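Fold and geometry: a report
In case you want the letters, here they are:
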Amino acid sequence: MQTDSTEPRGALTIRTLAMPADTNPAGDIFGGWVLGQMDIAGSIAAHERVRGRTVTVAVEAMTFIAPVKVGDVLCVYTTVERVGTTSITVGMEAWARRNRQADRVKVTEGRFVYVALDENGNKRAIPPL
Ligand SMILES: CC(C)(COP(=O)(O)OP(=O)(O)OC[C@H]1O[C@@H](n2cnc3c(N)ncnc32)[C@H](O)[C@@H]1OP(=O)(O)O)[C@@H](O)C(=O)NCCC(=O)NCCS
């Protein structure tokens, strides 16, 4: 699903700093940490759209394009791609600002699906906008 772009697509949803505790044995940032940040960003976007609690039901796509380094600022951009009856699909891109400088590089792309839940944890219909 990798798209060629020089500008991030979507709304900037989270920014966070890649720390030494999040590295793999090679010294780069662990992919699971990046995926987790994307899941957090996607859940924020989904929560805002469905106006309530959501749960991740699927990671439909996930591409690691470039490594994330310690000290990078990871910026995750989200786009609501589809709203179903109870589910919502969020596309996301993560970009890294190297050494906290202005230049940035796209490091991942993904597409996650969330389901809207009611207060009892049961799926519920997503209200119209
Ligand atoms: C999410 C959950 C409540 C859905 O319950 P369910 O009875 O299986 O729901 P359904 O099969 O009717 O699917 C609900 C919606 O999710 C979508 N969906 C379900 N599985 C999916 C999958 N693998 N990929 C994409 N969409 C999926 C369905 O298409 C449906 O969408 P729609 O209502 O917009 O048409 C249930 O599967 C669950 O609790 N899963 C665990 C979630 C979780 O704990 N996540 C965190 C993991 S750490």
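Residues numbered from 1 in each chain as written. Predicted model: local features only at pLDDT ≥ 70, side-chain atom pairs only at ≥ 80, totals over all residues. Heavy atoms only, no water.

So, the pattern of salt bridges
Evaluated as defined, the whole model comprises seven salt bridges. Two residues, Asp72 and Arg98, come together in a salt bridge whose shortest N-O distance is 2.4 Å. Highlighted residues: Asp72 in the loop between strand 2 (54-64) and strand 3 (73-83) and Arg98 in the loop between strand 4 (87-97) and strand 5 (104-116), separated in sequence by 26 residues. Taken individually, Asp72 and Arg98 each receive the classification buried, so the pair is uniform in this respect. We note a salt bridge from Glu93 to Lys106, for which the minimum N-O separation is 3.7 Å. One end of the pair, Glu93, is in strand 4; the other, Lys106, is in strand 5, with 13 residues separating them in the sequence. Taking relative accessible area as the criterion, Lys106 reaches 8% and is therefore assigned buried. (Salt bridge = Lys/Arg side-chain N within 4 Å of Asp/Glu carboxyl O. Helix = DSSP H or I, 4+ residues; strand = E, 2+ residues; numbered from the N terminus. Buried < 20%, exposed > 50% of the residue type's maximum accessible area, 1.4 Å probe, protein only.)

As for helix 1 (residues 31-50)
For helix 1, with 20 residues, the first-to-last C-alpha span of 28 Å sits near the 28 Å given by 1.5 Å per residue. Within helix 1, the full set of buried residues consists of Trp33, Val34, Gln37, Met38, Ala41, Gly42, Ala45, Ala46, Arg49 and Val50. Considering only its buried residues, helix 1 is in contact with strand 1 (11-17), strand 2, strand 3, strand 4 and strand 5. A positive backbone phi angle near 55° is found at Arg51, which sits one or two residues after helix 1. (Expected span 1.5 Å × (residues − 1). Contact = heavy atoms within 4.5 Å.)

Focus: the nonpolar core
Counting 23 residues, the largest nonpolar core has Leu74 and Val76 as the members making the most contacts within it. Where this core is concerned, the elements lending two or more residues are helix 1, strand 3, strand 4 and strand 5. By residue number, the principal contributor to this core is helix 1, which donates seven residues. If we skip the residues at most four places from it in the chain, Leu74 touches Ile14, Arg15, Thr16, Trp33, Val34, Gln37, Val68, Ala94, Trp95 and Val107. (Core = buried A, V, L, I, M, F, W, Y, C linked by side-chain atoms within 4.5 Å.)

Digging into the site of the ligand
Near the ligand you find Val55, Thr56, Val57, Ala58, Glu60, Gly84, Thr85, Thr86, Ser87, Val113, Val115 and Lys123, and these make up its full shell. Here an oxygen atom of the ligand sits 2.8 Å away from a polar atom, N or O, in the main chain of Thr85. In the environment of the ligand, an oxygen atom lies 2.6 Å from a nitrogen or oxygen atom belonging to the side chain of Thr86. Considered on its own, the ligand offers 970 Å² of accessible surface; in the complex 43% of this is hidden by protein. Contributions of two or more residues to the shell around the ligand are made by strand 2 and strand 5. (Near = heavy atom within 4 Å. Polar contact = N/O pair within 3.5 Å; in protein donor to acceptor, adjacent residues only side chain to side chain. Areas by Shrake-Rupley, 256 points an atom, 1.4 Å probe, with all protein chains shown as cover.)

Overview of the environment of Arg15
Following the sequence through the fold, Arg15 ends up in strand 1. For the pair formed by Arg15 and Val59, sequence separation is 44 residues and the distance between their alpha carbons is 21 Å. Once you skip the residues sitting within four places of it in the chain, Arg15 turns out to touch Val73, Leu74 and Cys75.

Some thoughts on the side chain of Arg124
Within the secondary structure, Arg124 is located in the segment after strand 5. For the buried Arg124, no salt bridge exists, and the shortest N-O distance to an oppositely charged side chain is 6.6 Å, to Glu119. Reaching out from Arg124, the side chain makes a polar contact with the backbone oxygen of Arg51 at a distance of 3.4 Å. Among all residues touching Arg124, those that are not within four sequence positions of it are Val50, Arg51, Gly52, Arg53, Thr85, Thr86, Ala116, Leu117 and Asp118. (Lys, Arg positive; Asp, Glu negative; His and termini not counted.)

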